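Inside the fold
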Amino acid sequence: MNYMAVLRPCCRQFISCCNVNQPKFDLQLFAGEKTEDPTTKRLSDAHKKGQVAKSQDLSASIVILIGFFTLWGYGQYMYEEITQFMAFIFMNMPLVIDTEYIIHLFFETMGVLAKTVLPVMLAILLAGLALNYYQVGFIFTVEPLSFDLNRLNPITGMGRIFSKRSLMELFKSIAKILIVGYFVYLYIIDEVIQMPKLIFMDLQMALITIVNIIFKLAFEICAVLLILGIIDFMYQKWQHKQELKMSKQDIKDEFKQSEGDPQVKGKIKQKQKQMSIQRMMHEVPKADVIITNPTHFAIALKYEQGMTAPLIIAKGQDLVAQKIKAIAREAHIVIVENKPLARALYLSTEIGDVVPQELYKAVAEVLAYVYRLKKKKLA
């Protein structure tokens, strides 16, 4: 009995089963992975769309800090203006309050508010504008305001609510509340001892003490918020960069869009080169002489009265040189073999140039030889 004939089909079936169950890895799955840093163009496009790294916590902390600093330095003036205005009102209040008095009182109140509140508001406004400009620069776009039906999609909305960014924002908010609450607790524990002393103070001293406690607490909270804002700004920049990361295919596609498809550009260059060679070949029959290497280079020279020097009207190497010589033979153009001169002309000149001055003598000898040949043929 031939055991090999029986075992061979079984082995083949076993191998085929192993091949079927063997895991296959498709490397194309990794081609779309976002592993590359965003290019300058991608960052610029995102900036134009309003997609920038910006920390609201940093903006809020600095704006609040500037506001309290302004109040701290401007508070005494505000207090004096308001107290003087209130004293003036109560001391000069008429017995009968009519419409004219109410209008006058309204304008006086607006004037006091302009002198006291407006500087604080302007300081906060300028601080907010300066900080936002520092973070994102100047942006004017209406794209975030454009109507998009996807925003009304409840599934997409739920995805945004439970997204990684939303969960991170929730975690930051909880952490910020806990950290600020901890520092407030420590501050109040230290200042609670001062509270019973307020009973023995007059109203003005009690108010000054309370204001000092409030401002110290405000500055401490602002300092904590500022540190958290700086950390958040660094995180926002990192997250923005991560969101704009590109795959290798994205970079290739962007390069094709900005620079053009390399294959198309190569075909265009090839077509331009062919057209240039064709134009050059049309000029070869007008030449007076073809100087060759003899196989590697061919240069067509033309000289007419009035020219300062002979003109290069065609040149080529290898196959192009052979084609130039073939056209020259058909047009009965004299072909002169001069290896050093052919190499020198090919390397030192371009089509449309005149012969360099250092090669005048060598070219003149060739042209003189050509003219002698033409005279002999005419004779």
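Below is a summary of the structure that appears in this document. Values in this document were obtained by computation on a predicted structure and should not be read as measured data.

Before going further, it helps to spend a moment on the overall build of the protein. The number of helices and strands found in the protein is 13 helices and 4 strands. Here the protein holds 379 residues, and the buried ones make up 25% of them. In the protein, the proportion of contacts linking residues at least 24 apart, taken out of those at least 6 apart, comes to 75%. Counting every atom, the protein has about 27500 Å² of accessible surface; 66% of that belongs to carbon and sulfur.

Next up on the list: the nonpolar core. By size, the foremost hydrophobic cluster in this structure holds 18 residues, and its most contacted members are Val-289, Ile-291, Ile-299, Leu-301, Leu-345 and Val-363. Contributing elements (two or more residues each) for this core: strand S1 (289–292), strand S2 (297–302), strand S4 (334–337), helix H12 (339–348) and helix H13 (360–378). Among residues more than four places away in sequence, those in contact with Val-289 are Ile-299, Ala-300, Leu-301, Ile-333, Val-334, Val-336, Val-366, Leu-367 and Val-370. One finds Met-280, Val-284, Ala-328 and Ile-333 within the second-largest nonpolar core, a separate group that totals 14 residues.

For the structure shown, the criterion picks out 11 aromatic pairs. Ring geometry for Tyr-235 and Trp-238: centres 6.1 Å apart, planes at 35 degrees, overall tilted. Taken as a pair, Tyr-235 and Trp-238 lie in helix H8 (residues 203–243) at a separation of 3 residues, close to a single helical turn. Taken together, the ring pairs connect Phe-68, Phe-69, Trp-72, Phe-215 and Phe-219 into an aromatic cluster. A cation over a ring is seen here: Lys-315 above Tyr-346, with NZ or CZ 4.5 Å from the ring centre.

Another aspect to go through is the packing of helix H3 (residues 56–91) against helix H4 (residues 99–116). Contact geometry for H3 and H4: axes closest at 10 Å, N-to-C directions at 170 degrees. Put simply, H3 runs roughly antiparallel to H4. Each of Tyr-74, Tyr-77, Met-78, Glu-81, Ile-82, Phe-85 and Ile-89 in H3 lies in contact with H4, whose residues at this interface are Tyr-101, Leu-105, Glu-108, Thr-109, Val-112, Lys-115 and Thr-116. In the contact of H3 with H4, the residues fall into 9 nonpolar, 2 polar and 3 charged.

The backbone of Asp-318 shows a phi angle near 55 degrees, a positive value even though the residue is not glycine. By the secondary structure assignment, Asp-318 is in the loop between strand S3 (311–317) and helix H11 (319–330). Backbone geometry at His-332 places phi at a positive 60 degrees, although glycine is not the residue there. By the element assignment, His-332 lies in the loop between H11 and S4. The class of His-332 is exposed, set by a relative accessible area of 69%.

Think of it this way: side chains of opposite charge can pair up when their charged atoms draw near. The full count for this structure, using the stated rule, is 7 salt bridges. With its nearest N and O atoms 2.3 Å apart, the salt bridge here joins Lys-172 to Asp-232. Of this pair, Lys-172 sits in helix H7 (residues 164–191) while Asp-232 sits in helix H8, and the two are 60 residues apart along the sequence.

Turning our eyes to something else, we now look at the pairing of S1. Where burial is concerned, the two faces of S1 agree: the one with Val-289 and Ile-291 and the one with Ile-290 and Thr-292 are both buried. Joining the antiparallel neighbours S1 and S2 is a turn of 4 residues.

On to the side chain of Lys-245. With respect to the secondary-structure elements, Lys-245 resides in the loop between H8 and helix H9 (248–259). Under the relative-accessibility criterion, Lys-245 is labelled buried at 17%. Those residues in contact with Lys-245, other than ones at most four positions away along the chain, are Lys-34, Thr-35, Glu-36, Asp-37, Pro-38 and Arg-42.

Here we take up the sheet that holds S4. Each strand in a sheet pairs with another by means of backbone hydrogen bonds, the pair being arranged parallel or else antiparallel. The 4 strands lie next to each other as S3-S2-S1-S4, forming an open sheet whose pairing is mixed. Strands at the two margins of the open sheet, each flanked by one partner only, are S3 and S4. Across the sheet, the mean angle from the axis of one strand to that of its neighbour is 20 degrees, orientation sign disregarded. With 4 bridges connecting them, S1 and S4 associate as parallel partners. Note that in S4 the partner of Ile-290 across the bridge is Ile-335. Each of S1, S2 and S4 is contacted by H13, which is oriented at about 140 degrees to S4, the strand it contacts most.

Approximately 550 Å³ is the volume attributed to the largest pocket. Along the wall of the largest pocket there are 15 residues; nearest its centre are Gly-75, Gln-76, Tyr-79, Ile-208 and Val-211. The element best represented in the lining of the largest pocket is H3, accounting for 8 residues. Among the residues forming the lining of the largest pocket, the class breakdown is 10 nonpolar, 5 polar and no charged.

Definitions and limits used
- Residues numbered from 1 in each chain as written.
- Predicted model: local features only at pLDDT ≥ 70, side-chain atom pairs only at ≥ 80, totals over all residues.
- Heavy atoms only, no water.
- Helix = DSSP H or I, 4+ residues; strand = E, 2+ residues; numbered from the N terminus.
- Buried < 20%, exposed > 50% of the residue type's maximum accessible area, 1.4 Å probe, protein only.
- Contact = heavy atoms within 4.5 Å.
- Areas by Shrake-Rupley, 256 points an atom, 1.4 Å probe, with all protein chains shown as cover.
- Core = buried A, V, L, I, M, F, W, Y, C linked by side-chain atoms within 4.5 Å.
- Phe/Tyr/Trp six-rings, centres within 6.5 Å; stacked < 30°, edge-to-face > 60°.
- Lys NZ or Arg CZ within 6 Å of the ring centre and 35° of its normal.
- Axes fitted to C-alpha atoms, helices over the stretch in contact; angles between N-to-C directions.
- Parallel < 35°, antiparallel > 145°, perpendicular 65-115°, else oblique.
- Nonpolar A, V, L, I, M, F, W, Y, C, P; charged D, E, K, R; others polar.
- Salt bridge = Lys/Arg side-chain N within 4 Å of Asp/Glu carboxyl O.
- Pairing = 2+ DSSP bridges.
- 1 Å grid on protein atoms, 1.4 Å probe; cavity = no way out; pocket = protein on both sides within 12 Å on 5 of 7 lines; lining within 4 Å.
- Points joined across faces, edges and corners; volume = space filled by probe spheres on them.

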